[in-house]
Amino acid sequence: MIARLRGLVDSAGADHAVIDCNGVGYLVFCSRRTLGLLGGPREAVALHVETHVREDHIHLYGFVDTAERDWFRILTTVQGVGAKVALAILSVLSPDQVATAIAAGDKAMLARAEGVGPKLAGRIASELKDKVGGIALGPAATAFHAGGAAAPAEAGAAADAVSALVNLGYGRAEAFAAVARAGGKLGPEATVSAIIPAALRELAS
């Protein structure tokens with residue numbers, strides 16, 4: 001199995017690049033995010049690689065960092081999410097944004113990706129929510145997870161704050177992340193009236 005490639009960019013297309021490794025060109029499928037970071041022809045590059053072996057083909061998928069590779073692996077565990085759809089999601093959302101969207105249950109954010117309709121977006125958010133947990137969102141994020149340590153009152157305060165921000169016109173994932181950051185700074189006893197202005201300051205910063 002190929003796990004990593006180091007070489008020079010030979011060429012690139014809309015969804016792939018050819019990496020020249022000592023005279024051998026490897027066709028690697030990539031997200032638009034990764035392709036945008038590769039540079040032009042003859043630029044040196046190192047990619048983390050996920051190798052998929054099937055009866056009729058061997059495909060290589062390349063990523064500029066381990067976070068994107070790990071999310072590719074996680075996303076493809078969901079029924080209906082193949083490699084192409086996983087790359088489409090990672091083309092429009094960074095790894096951190098994917099984590100935030102899933103933790104917040106923001107189906108609209110996930111549905112920005114080509115090939116992801118509302119039903120599939122809902123399945124992704126539902127099936128992966130427990131895997132995401134409070135990744136990169138701070139202590140307050142646990143309030144949104146049934147298995148979290150937050151007390152019911154805390155969960156209610158955080159959820160009410162998110163709802164208030166959404167009603168003000170902010171996206172659910174954006175509001176969720178801001179409330180999580182604000183709650184992490186204010187502590188577990190923070191009230192809705194304290195969280196909302198703090199979250200608004202987070203959104204403005």
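Residues numbered from 1 in each chain as written. Predicted model: local features only at pLDDT ≥ 70, side-chain atom pairs only at ≥ 80, totals over all residues. Heavy atoms only, no water.

With that settled, consider helix α3 (residues 83-92). The buried count for α3 comes to eight of 10 residues, which makes it a mostly enclosed element. Those residues of α3 lying buried are A83, V85, A86, L87, A88, I89, L90 and S91. (Buried < 20%, exposed > 50% of the residue type's maximum accessible area, 1.4 Å probe, protein only. Helix = DSSP H or I, 4+ residues; strand = E, 2+ residues; numbered from the N terminus.)

Let's shift gears to the sheet that holds strand β5 (residues 58-63). Taken in spatial order, the five strands close into a barrel running β1-β2-β3-β5-β4, and their pairing is mixed. The mean inter-strand angle of the sheet, taken between neighbouring strand axes irrespective of direction, is 55°. Judged from the three bridges that link them, strand β3 (residues 24-30) and β5 form a sheet pairing that is parallel. Residue pairing across strands places C30 opposite G62, the latter belonging to β5. Sheet strands touched by helix α2 (residues 66-75): β4 (44-53) and β5. Its angle to β4, the strand with the most contacts, is close to 15°. (Pairing = 2+ DSSP bridges. Axes fitted to C-alpha atoms, helices over the stretch in contact; angles between N-to-C directions. Contact = heavy atoms within 4.5 Å.)

To continue, consider the packing of α2 against helix α4 (residues 95-104). Running from amino to carboxyl end, α2 crosses α4 at an angle of 40°, the nearest separation of the two axes being 9 Å. Judged by the angle between their axes, α2 and α4 are oblique. Contacts between α2 and α4 involve A67, E68, W71 and L75 from the former and P95, V98, A99 and I102 from the latter. For the contact of α2 with α4, a count of residues per class yields seven nonpolar, no polar and one charged. (Parallel < 35°, antiparallel > 145°, perpendicular 65-115°, else oblique. Nonpolar A, V, L, I, M, F, W, Y, C, P; charged D, E, K, R; others polar.)

Within the secondary structure, E50 sits in strand β4. Side-chain polar atoms of E50 contact the side chain of R73, separated by 2.8 Å. If near-sequence neighbours (up to four positions away) are discounted, E50 is found in contact with H59, L60, Y61, F63, R69, F72 and R73. (Polar contact = N/O pair within 3.5 Å; in protein donor to acceptor, adjacent residues only side chain to side chain.)

Here the focus is the pairing of β5. Side chains on a regular strand alternate between the two faces of the sheet. Two elements, β4 and β5, share six bridges in a ladder whose sense is antiparallel. Bridging across to β5, T51 finds its partner in L60. Taking the residues that link successive antiparallel strands as the turn, the β4-β5 hairpin has four residues.

Next up on the list: the nonpolar core. Among the nonpolar cores identified, the biggest contains 34 residues, and W71, L75, I89 and I124 are the most heavily contacted of them. Not counting the four nearest positions on each side in its chain, L75 is found in contact with V81, A86, I89, L90, V98, I124 and L128. Counting residues in each nonpolar core, the second largest holds 14 residues, with L165, V179, A182 and A198 among its members. (Core = buried A, V, L, I, M, F, W, Y, C linked by side-chain atoms within 4.5 Å.)

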